[in-house]
Amino acid sequence: MARVGVFVCFCGANIADFVDVKAVIEEAKTIKEVKYAIDYKYMCSDPGQQMIRDAIVQYRLTSIVVAACSPRMHEKTFRKALSDAGMNPYLLEVANIREHSSWVHQKDKKAATEKAGDLVRMAVAKSIANEQLHEISVPVTKRALVIGGGIAGIQAALDIADARIPVTLVERSPSIGGRMAQLDETFPTLDCSQCILTPKMVDVASHPYIELIPYSEVIELDGYVGNYKAKIRKKASYVNFKTCTGCGTCWQKCPVKVPNEFNCGIDNRKAIYTPFPQAVPNKPVIDAEHCTMLLKGKCGICAKFCEKGSIDFKMQDEVIEREIGAVVVATGYDLWDARPYEEYGVGRYKDIINSLEFERMVSANGPTGGVPVRPSDGKVPKTVVFIKCIGSRDEAKGIEYCSKICCMYTAKHAVLLHHKVHDSRAYIFYMDIRAAGKGYEEFVKRAQVETGAIYLRGRVSKIYQKGEKLMVRGEDAQLGQEVEVEADLVVLATAIIPYKSNPALARLLGISYDKYGYLSEAHPKLRPVETAKAGIFLAGCTQAPKDIPETVAQASACAAKVCGLFAGDTLKKDPMISTVNREFCSGCQNCVKVCPYQAIVTEDIPLGHGAKEMRTVAKINEGVCQGCGSCVAICRSMAISLAGFTDPQIINEIVAI
Amino acid sequence: MKKVTYFPGCSAHGTSEEFDQTVKMVMKTLDVEMEEIPDWNCCGATSAHTMNESLAYALPLRNLVLAERLHNDTMTIPCASCYQRMKVTKAHMDEDPALAGRINSTIVGEGSYEGKVAVKSMLQYCYEDVGLDAIKAKVTSPISGMKLACYYGCLLTRPKAITQFDSPEYPMSMDHIVEALGAKATAFDFKTECCGASFSISDTDVVLQLSGKILEMAKESGAHAIVVACPLCQSNLDMRQPDIEKKYKIKYNLPVFYLTQLMAMAFGYPKDKMMFAKHIIPVDSALAHIGEVTEEPKPAKSKKAVKAESEAE
């Protein structure tokens with residue numbers, strides 16, 4: 001005879017305000033198998049768990065029902081409580097009366113209570129048919145794949161590799177470094193971005209545990225946590241990196257000019273190029289979209305001048321495979337295109353630039369030698385207007401969220417402008433100054449006091465050209481006045497957005513993304529670096545806008561997670577997987593077709609005991625099966641059963657309502 | 001031949017008669033038959049919608065209902081303000097049938113509103129329904145040589161969600177039309193700034209200030225004249241120009257044309273049909289530029305571009 005214990009959680013007010021918990025308890029008590037039923041404010045807390053542990057022993061319970069939040073939230077917690085009391089953890093059933101009842105039926109307490117009662121009765125009925133299950137051990141491949149070679153990917157790769165775990169770092173551009181390599185100095189300390197980043201880039205290249213694969217992209221990921229298989233396409237660089245010395249003759253001689261992406265198109269690079277002088281690896285690649293030889297079959301000047309004979313125009317893209325156990329995604333961010341701000345004349349006036357363009361100009365290795373200039377006439381600007389929140393916090397034209405870093409880098413730009421052009425003046429239009437962070441508020445004060453930057457709280461309504469000047473008309477909301485500033489240069493702090501390719505990457509990896517294209521973490525507070533898919537982690541702006549310190553912290557957290565995952569020789573896996581009853585299997589192989597994980601193979605077994613004739617039956621690979629249940633549904637002869645969701649369990653649930 | 005319903009509005013029969021007359025000439029040339037709504041009434045303009053919401057809807061709604069009886073699929077309106085009231089009413093009625101029913105019940109005996117007729121400004125109709133190619137095809141005496149600042153005002157393209165036409169901040173449709181007539185549209189930043197509108201009567205100084213700014217920027221853009229498609233814009237920029245010049249002690253001498261006046265000229269109508277005598281600022285100085293050959297100087301390479309190139313060498 002089953003003896004079921006029912007534990008109903010208040011979840012503070014989350015459940016108790018909308019579901020009559022006492023009524024649910026009373027209803028549970030009417031079920032004859034229920035030998036114990038009790039409520040508590042927070043069942044997941046230690047006293048709550050202790051109540052479960054004590055009741056198991058005291059009332060000799062054979063299965064447990066916890067009516068609380070979604071099993072995605074605390075199923076693990078309660079299973080552990082069962083284990084601690086000496087009970088098989090899979091004798092637990094969670095009735096989700098929060099997400100499935102109290103939260104969605106807040107306006108009707110009576111109906112919510114009735115539904116909660118139904119959910120509890122179903123869970124009780126199911127738990128009676130629960131069987132003891134045991135975790136499965138699967139081997140783990142101790143190699144991590146890091147996608148993206150910006151500061152997030154670099155930090156994650158270095159931290160993992162320092163723990164002597166091999167890392168494959170894949171970067172889509174010819175060099176690692178990412179956005180941070182484009183920056184001049186960093187807030188709030190004004191230390192030089194290149195000086196702190198380039199040593200790390202060199203460390204990546206020389207680390208014995210890091211395999212750096214630049215100019216390539218991940219195109220496929222199969223498998224499951226601990227046992228992924230990645231396909232990586234190495235784009236043809238048309239340069240043999242083994243023999244190339246990076247001398248630079250090729251790009252000096254190349255006659256084709258292409259806007260330089262690294263410098264935001266302010267100057268030109270060649271068709272054969274390294275993105276910047278400190279590039280890692282410091283070997284050039286040929287841009288196939290612009291190379292005359294590759295497009296028209298004429299030129300080949302670079303090959304003529306290369307002393308090492310490293311140029312190979314016949315090189316093809318190559319696909320390589322790596323077996324890995326975990327993935328860190330760090331694909332970074334892009335900038336929002338400000339052209340919808342037509343009232344500012346974005347796209348019509350050359351002297352309106354975005355912050356990254358300004359950053360390249362004031363950068364010592366930038367296209368203007370560290371001095372900001374007006375793109376229209378090359379003159380050094382004396383009055384520069386910075387406008388924050390371009391696209392950010394703008395539901396009408398842009399996106400709703402705050403891009404987080406613009407307040408700080410704009411303060412930094414005011415300081416840098418003052419350093420580079422002493423007799424200049426910065427005007428900063430802002431909505432709010434968001435300077436939460438160590439030393440951040442002090443830095444903004446410094447920008448205001450030291451440089452005399454004039455902060456004007458208000459939006460700019462219009463920019464128009466008058467002679468050589470750009471007239472910036474806006475509001476000073478604190479004085480309640482309209483202001484007009486005669487500017488030489490206008491710098492727009494455009495919003496941060498995820499890369500366009502993020503949704504495609506997310507689908508390829510089998511993880512989720514939000515409406516903006518940011519990759520989604522498993523839990524916004526408690527699992528901020530994990531994705532919902534085991535073994536895939538997120539670092540940096542691919543998850544949300546963040547600054548360098550935060551990005552580095554998240555990357556290191558990813559590394560800690562990967563190291564934790566790889567700490568043992570095997571991984572524990574839920575036993576909720578399918579099994580085939582060979583007696584019933586007709587060998588139709590429909591299950592093989594529907595399995596999304598390629599977890600089902602076939603095998604030949606004797607037709608009968610001692611018979612020579614063979615017949616084909618399905619066989620499940622325990623390590624690969626994720627317990628989705630597709631095969632169970634398709635099986636015509638009802639030969640497949642999913643542990644934890646067997647027919648008797650499901651039928652019990654249905655009968656209970 | 002196309003047919004379109006015509007709502008002239010009160011200005012067309014008064015201060016902007018030249019707009020009305022030239023619209024009719026232009027449409028005839030473009031093979032569009034205009035059918036004026038019989039017994040149309042005031043659109044309510046600014047007064048109604050600042051005083052009483054129901055009245056602000058009811059007045060245009062009656063016109064919309066009357067327009068439906070003519071069985072043309074589009075109604076075109078020269079006045080920007082009438083257009084705005086009609087368009088807003090249509091948009092709100094179409095998205096809220098309950099509101100439409102309520103307002104409809106107040107205009108007893110006129111029939112029920114079905115939302116069948118599209119509302120377009122004269123500018124939008126010329127640009128979308130007639131099209132640049134058809135306009136270009138009818139040009140017999142191009143007005144080349146003229147540099148024109150196209151001024152749209154605040155209502156022709158705004159709010160974007162309701163007008164669904166051109167850009168709310170930097171529209172180009174009128175610019176494209178005057179270029180189709182052979183003229184040159186200048187890069188004019190104040191094309192959607194406020195002219196002061198009906199403050200012309202209650203607080204004239206506001207108009208002198210705002211319209212003065214528009215004239216200044218039009219002059220700065222190198223224009224010989226301003227082109228408008230709104231009676232109130234025309235009256236503020238033209239009629240108030242001498243006062244503005246007096247107040248700021250500056251001479252603009254910028255004639256203010258209706259778009260259709262220039263279209264009619266380019267279509268070959270004689271000058272005396274345009275009613276230029278109604279203009280306060282004489283138009284002859286601007287018209288004198290017709291036929292002038294203007295050569296654009298090639299933009300010199302900027303220093304930075306030169307520097308970047310030499311660096312890349």
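Residues numbered from 1 in each chain as written. Chains lettered and ligands numbered in written order. Predicted model: local features only at pLDDT ≥ 70, side-chain atom pairs only at ≥ 80, totals over all residues.

Novice: Which parts of the structure should I look at to understand the overall build of chain A?
Specialist: The helix and strand inventory of chain A stands at 18 helices and 34 strands. Projected onto the principal axes, the alpha-carbon positions of chain A cover approximately 90 × 70 × 40 Å. A burial count over chain A gives 46% of its 657 residues as buried. A fraction of 69% describes how many contacts in chain A between residues 6 or more apart in sequence connect residues 24 or more apart. (Helix = DSSP H or I, 4+ residues; strand = E, 2+ residues; numbered from the N terminus. Buried ≥ 20, exposed ≤ 12 C-beta atoms within 10 Å, placed from the backbone. Contact = placed C-beta atoms within 7 Å.)

Novice: Sorry, what's going on with the pairing of strand β24 (residues 460–466) of chain A here?
Specialist: One face of the sheet, then the other: side chains in a regular strand alternate in exactly this way. Residue and element names in this part refer to chain A. Where β24 lies against strand β25 (residues 469–476), six bridges are found, and the strand directions are antiparallel. Its bridge partner being in β25, Val-460 is matched across the sheet by Gly-474. Counted along the chain from β24 to the antiparallel partner β25, the turn is two residues long, and its residue Gly-467 has a positive phi close to 60 degrees. (Pairing = 2+ DSSP bridges.)

Novice: Sorry, what's going on with the sheet that holds strand β27 (residues 489–494) of chain A here?
Specialist: Sheet strands line up and pair through hydrogen bonds in the backbone, either parallel or antiparallel. Residues and elements named next belong to chain A. Strand order in the open sheet formed by five strands is β20-β27-β21-β22-β23, and the pairing between neighbours is parallel. The open sheet has two edge strands with one neighbour each: β20 (352–354) and β23 (454–457). For this sheet, the mean angle separating the axes of adjacent strands, direction not counted, is 25 degrees. Pairing of β20 with β27, which is carried by three bridges, proceeds in the parallel orientation. Residue pairing across strands places Asn-354 opposite Leu-492, the latter belonging to β27. Set on the sheet, helix α12 (residues 406–420) makes contact with β21 (383–390), β22 (425–430) and β27; between it and β21 the angle comes to about 175 degrees. (Axes fitted to C-alpha atoms, helices over the stretch in contact; angles between N-to-C directions.)

Novice: Is there a simple way to explain the domain arrangement of chain A in this structure?
Specialist: In many analyses, interface size is given as the accessible surface area lost on bringing the parts together. Residue and element names in this part refer to chain A. Partitioning chain A into domains gives domain 1 (4–135), domain 2 (144–235 + 317–332 + 499–565), domain 3 (249–305), domain 4 (334–497) and domain 5 (578–656). Using C-alpha coordinates to define each centre, domain 2 is positioned 31 Å away from domain 4. Contact with domain 2, which involves 13 residues of that partner, is made by 23 residues of domain 4. Partitioning the side of domain 2 that touches domain 4 into residue classes produces seven nonpolar, two polar and four charged. (Domains from an automatic or database assignment. Nonpolar A, V, L, I, M, F, W, Y, C, P; charged D, E, K, R; others polar.)

Novice: Quick question: what am I supposed to make of the pairing of β21(A) here?
Specialist: The element β21(A) is largely enclosed, with a buried count of seven among its eight residues. Between β21(A) and its parallel partner β22(A), the chain crosses via α12(A), and the hand of that crossover is right-handed. (Right-handed = clockwise from strand over helix to strand, strands pointing away.)

Novice: How do you make sense of the sheet that holds strand β7 (residues 167–170) of chain A when you look at a structure like this?
Specialist: Residues and elements named next belong to chain A. Strand order across the open sheet formed by five strands is β10-β7-β6-β18-β29, with parallel pairing between neighbours. Two strands bound the open sheet, and with one partner strand each, they are β10 (210–213) and β29 (536–538). On average, each strand axis in the sheet is inclined to that of its neighbour by 20 degrees, with strand direction left out of account. Pairing of strand β6 (residues 144–147) with strand β18 (residues 326–329) involves four bridges; the strand directions are parallel.

Novice: Where do I start with the domain arrangement of chain B in this structure?
Specialist: Residue and element names in this part refer to chain B. Domain boundaries assigned for chain B yield domain 1 (2–123) and domain 2 (139–287). The straight-line distance from the C-alpha centre of domain 1 to that of domain 2 is 24 Å. With 24 residues of domain 1 at the contact, the number on the domain 2 side is 26 residues. Residue assignment for the side of domain 1 that touches domain 2 shows that the elements contributing at least two residues are α2 (17–29), α5 (80–95) and α7 (122–130). Considering each element in turn, the side of domain 1 that touches domain 2 owes the most residues, nine residues, to α2. Class assignment for the residues of the side of domain 1 that touches domain 2 results in eleven nonpolar, ten polar and three charged.

Novice: Please clarify how the nonpolar core should be interpreted in this entry.
Specialist: One recurring pattern in soluble globular proteins: nonpolar side chains tend to sit buried together. Val490(A), Ile226(B) and Val227(B) are the most contacted members of the largest nonpolar core, which totals 153 residues. Per element, the largest residue contribution to this core is nine residues, and it comes from α12(A). Excluding residues that lie within four positions of it along the chain, Val227(B) makes contacts with Leu148(B), Cys150(B), Tyr151(B), Met174(B), Val178(B), Phe257(B), Leu259(B) and Leu262(B). In terms of nonpolar packing, the next biggest core, distinct from the first, is built from 60 residues, Ile154(A), Ile176(A), Ile210(A) and Leu538(A) among them. (Core = buried A, V, L, I, M, F, W, Y, C linked by C-beta atoms within 7 Å.)

Novice: What is the right way to look at unusual backbone geometry in this model?
Specialist: When glycine is set aside, most residues are seen to have a negative phi, and most peptide bonds are trans. The omega angle of the peptide bond from Val280(A) to Pro281(A) is 0 degrees, so this bond is cis rather than trans. Within the secondary structure layout, Pro281(A) lies in the loop between β15 (272–273) and β16 (285–286). A cis geometry characterises the amide bond from Arg158(B) onward to Pro159(B), with omega recorded as -15 degrees. Within the secondary structure, Pro159(B) sits in the loop between β5 (147–150) and α9 (160–163).

Novice: Just checking my understanding: could you explain the confidence of the model for chain B for this structure?
Specialist: Interpretation of this model should avoid reading the predicted coordinates in detail wherever pLDDT is low. Confidence in the prediction for chain B averages 92 pLDDT; 94% of positions are at 70 or higher. Among the prediction metrics, the complex's ipTM stands at 0.84, with pTM recorded as 0.84. (pLDDT = per-residue confidence, 0-100.)

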